[in-house]
Each structure stands twice: as C-alpha cells, then as structure tokens.
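Understanding the architecture of this molecule
The primary structure of each chain is shown beneath.
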Amino acid sequence: MPILDTPAALIATLIAVILVGLSKGGLGGMSLLGVPIMAMVMSPVTAAAILLPVLVVMDVVSVASWRKWVDWRLIALLMPGALAGIGIGWFTAEMVSDAVVRLIVGVVSAAFVLRVLAQHLMRREVQPRGQRPAQAQFWAAIAGYTSFVAHAGAPPLQIYMMPLKLDPKLYTGTLVMFFAITNALKLIPYFALGQFGAENLTASALLLPLAVVSTWAGAWAVRRMRADIFYQLTYVSVALVAVKLIWDGIAGI
C-alpha cells in the first residue's frame with residue numbers, strides 16, 4: 001500500500017507498533033516513540049491516524065486488566081481539561097503544518113527526557129500532594145492536546161499525577177482508563193478530519209496482530225526482567241528522535 005511502500009516506512013511502522021505495544025503491556029515510556037519514529041518517514045498526522053485504532057484495541061486489553069484499579073473521582077476531575085485539549089487540537093489541526101507538528105512532538109519528547117534526567121540528578125523525594133483542580137485542568141488540557149497531535153499525552157499528565165503518590169496499582173489503572181477514554185474520544189475528530197481513509201484503516205488493521213502480541217510481550221517482560229537498562233536505552237532513543245524531529249521541524253517552518 002502507498003503509505004508503507006518503502007522499506008524505511010515499513011520498518012519504522014513495525015518498530016513503532018512494537019514499542020507502543022510493549023509500553024501498553026507495562027514497559028511504560030516507549031509509547032512516546034511511536035509517532036516520532038513514524039514521523040521520520042511519513043506525515044506525523046498520517047502516523048497518528050494509523051496508530052489511533054491500534055491504540056484503541058490495545059486500550060481494550062489494558063482496561064480489562066486494570067478496570068478494578070481506577071480513581072473515578074480523579075478521572076472526573078481530569079476529563080474536562082482533556083476534552084478542552086482535544087478540542088483545541090481538532091480546531092487547529094488544519095492550521096498547523098507537518099513541520100510544526102514535528103516540532104511539537106520533538107519538544108514534548110525532549111521535555112519528557114529532561115524531566116526524567118532532572119529527577120535522576122536531584123534524587124529528591126517528592127512529597128505527597130492533595131488534589132489541585134486548577135492544575136489538574138491545566139495539565140489534563142496539555143495532555144489532551146499532545147495526545148491528539150501525537151499520542152504523547154502521558155508526560156504532561158504524569159507531572160500532575162505523580163506528586164499525588166497514589167498506590168501504584170491505582171496510579172496505573174487511572175492512567176490506563178484516562179487514555180482509554182481519551183483515545184476513544186479522539187476517534188470522532190480524526191474521522192471528521194478525514195484521517196480514516198481506506199489506506200490508513202487498512203494499515204491499522206494489518207498492524208493489529210503485531211500490536212496484540214507486543215502488548216502481551218510487554219506484560220510478560222514486566223514480570224520477568226530488570227527494566228533499568230532497558231529504560232535507559234529508551235530514554236536515549238527518545239532523546240535522539242526528539243533532536244531529529246526538532247531539527248526537521250525548525251528546518252521545515
């Protein structure tokens with residue numbers, strides 16, 4: 001098919017789906033690489049459109065595993081902001097060029113790596129904080145927007161959620177449910193923008209078996225391997241891709 005008609009496009013797409021699947025299975029952090037890797041060989045908008053149906057299927061598997069560990073009050077607090085962010089992404093989609101989207105994705109990816117690096121260097125214990133509605137709406141809106149343009153909503157949301165010091169299972173389940181709802185809502189504007197043409201949907205359908213296997217593999221790996229070295233490699237990869245996308249975005253503007 002034209003979208004995946006070159007070896008580079010095919011390889012990049014397969015790698016992206018595998019990494020996103022591993023992340024959905026529990027090896028978090030790698031999902032941020034999905035759109036950036038594909039955006040190096042195709043339009044970032046097309047990359048996001050191909051990945052969205054795949055993400056929705058992955059979300060079904062994740063929700064089935066984590067549905068009992070969800071803070072629904074926190075979900076209710078976050079969703080208005082997320083809807084606003086998705087709406088802004090929808091409203092501005094046709095005004096923002098591929099170069100600007102690449103730049104946005106690159107900056108978000110770089111910010112994620114810098115935040116992780118800063119936490120590592122500071123080695124400071126974050127004190128638990130209570131709910132802060134204004135901040136919740138702000139970071140949820142940023143997460144909704146970055147999720148819309150690049151399926152990269154986790155870093156902004158984590159900035160708000162991590163200081164809450166939730167039980168790990170409750171934290172994971174709430175995060176899973178938030179993005180399951182967000183990804184389902186994104187189907188409407190993506191459809192309205194004409195991003196679910198035959199080529200994109202066919203590509204998504206062909207990738208689903210790999211997505212399911214990768215998600216299962218992520219869950220299997222979480223239970224059996226040390227992840228510290230793996231995460232270090234992931235952060236380096238995110239940083240390199242971020243630099244490439246920022247360079248391409250600036251050059252294309």
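Presented here is an overview of the structure given in this document.

What follows deals with the packing of aromatic side chains. According to the stated counting rule, one finds 4 aromatic pairs in the structure shown. Centre to centre, the rings of Phe 178 and Phe 179 are 4.9 Å apart; their planes meet at 90°, and the pair counts as edge-to-face. When the ring of Tyr 190 is compared with that of Phe 196, the centres are 6.1 Å apart and the planes differ by 25°; the resulting orientation is stacked. Given a relative accessible area of 4%, Tyr 190 falls into the buried group.

This part takes up the layout of surface pockets. Taken as a whole, the second largest pocket holds about 220 Å³ of empty space. Lining of the second largest pocket is provided by 15 residues; of these, Val 45, Gly 89, Ala 93, Phe 148 and Leu 193 occupy positions nearest its centre. Class assignment of the residues belonging to the lining of the second largest pocket gives a composition of 11 nonpolar, 3 polar and 1 charged.

Two side chains carrying opposite charge are able to pair once their charged atoms lie near each other. One pass over the structure, following the stated rule, counts 1 salt bridge. Across the pair Lys 244 and Asp 248 runs a salt bridge, and its minimum N-O distance is 2.5 Å. With Lys 244 and Asp 248 both in helix H10 (residues 228-252), this residue pair falls 4 residues apart, about one helical turn. Taking relative accessible area as the criterion, Lys 244 reaches 35% and is therefore assigned partly exposed.

Looking now at unusual backbone geometry. Residues other than glycine seldom take positive phi values, yet Lys 165 does so here, at roughly 55°. Considering the arrangement of structural elements, one finds Lys 165 in the loop between helix H7 (154-161) and helix H8 (168-192).

Attention now moves to a nonpolar patch on the surface. On the surface, a nonpolar cluster with roughly 320 Å² of combined accessible area is contributed by Leu 114, Leu 117 and Leu 121. Within the fold, Leu 117 resides in helix H5 (residues 98-122). Of the residues examined, Leu 117 reaches a relative accessible area of 43% and is grouped as partly exposed.

Here is what the cut-offs are and how they apply
- All residue numbers here refer to positions counted from 1 along the written sequence of the relevant chain.
- With the structure being a predicted model, the display of local features is reserved for residues of pLDDT at least 70 and the display and counting of side-chain atom pairs for 80 or more, all residues being used for whole-chain, interface and lining totals.
- As a convention, hydrogens and water are excluded, and side-chain values are obtained from all of the structure's heavy atoms.
- Only Phe, Tyr and Trp rings take part, Trp by its six-membered ring, and two of them pair if their centres are within 6.5 Å. Stacked means planes under 30 degrees apart, edge-to-face means over 60, and tilted covers everything else.
- In this scheme, a residue with accessible area under 20% of its type's maximum is buried, one over 50% is exposed, and one in between is partly exposed, where area comes from a 1.4 Å probe on protein chains only.
- Buriedness of a pocket was judged along seven lines, with at least five required to meet protein on both sides within 12 Å; pockets are open sets of points on a 1 Å grid over the protein atoms alone, cavities are sets where a 1.4 Å probe fits but cannot get out, and lining residues have an atom within 4 Å of a point.
- Grid points are joined across faces, edges and corners, and a volume is the space filled by probe spheres set on the points.
- Three classes are used, and their members are as follows: Ala, Val, Leu, Ile, Met, Phe, Trp, Tyr, Cys and Pro are nonpolar, Asp, Glu, Lys and Arg are charged, and the others, Gly among them, are polar.
- Any carboxyl oxygen of Asp or Glu within 4 Å of a side-chain nitrogen of Lys or Arg constitutes a salt bridge here.
- A run of H or I in DSSP becomes a helix once it reaches four residues, and a run of E becomes a strand once it reaches two; helices and strands are each numbered from the N terminus.
- Note that patches include only residues with greater than 30% relative accessible area and no salt bridge, and the join distances are 9 Å for like charges and 5 Å for nonpolar side chains (Val, Leu, Ile, Met, Phe, Trp, Tyr).
- Surface exposure here means Shrake-Rupley accessible area, sampled with a 1.4 Å probe, where a residue is shielded only by the protein chains that are shown.

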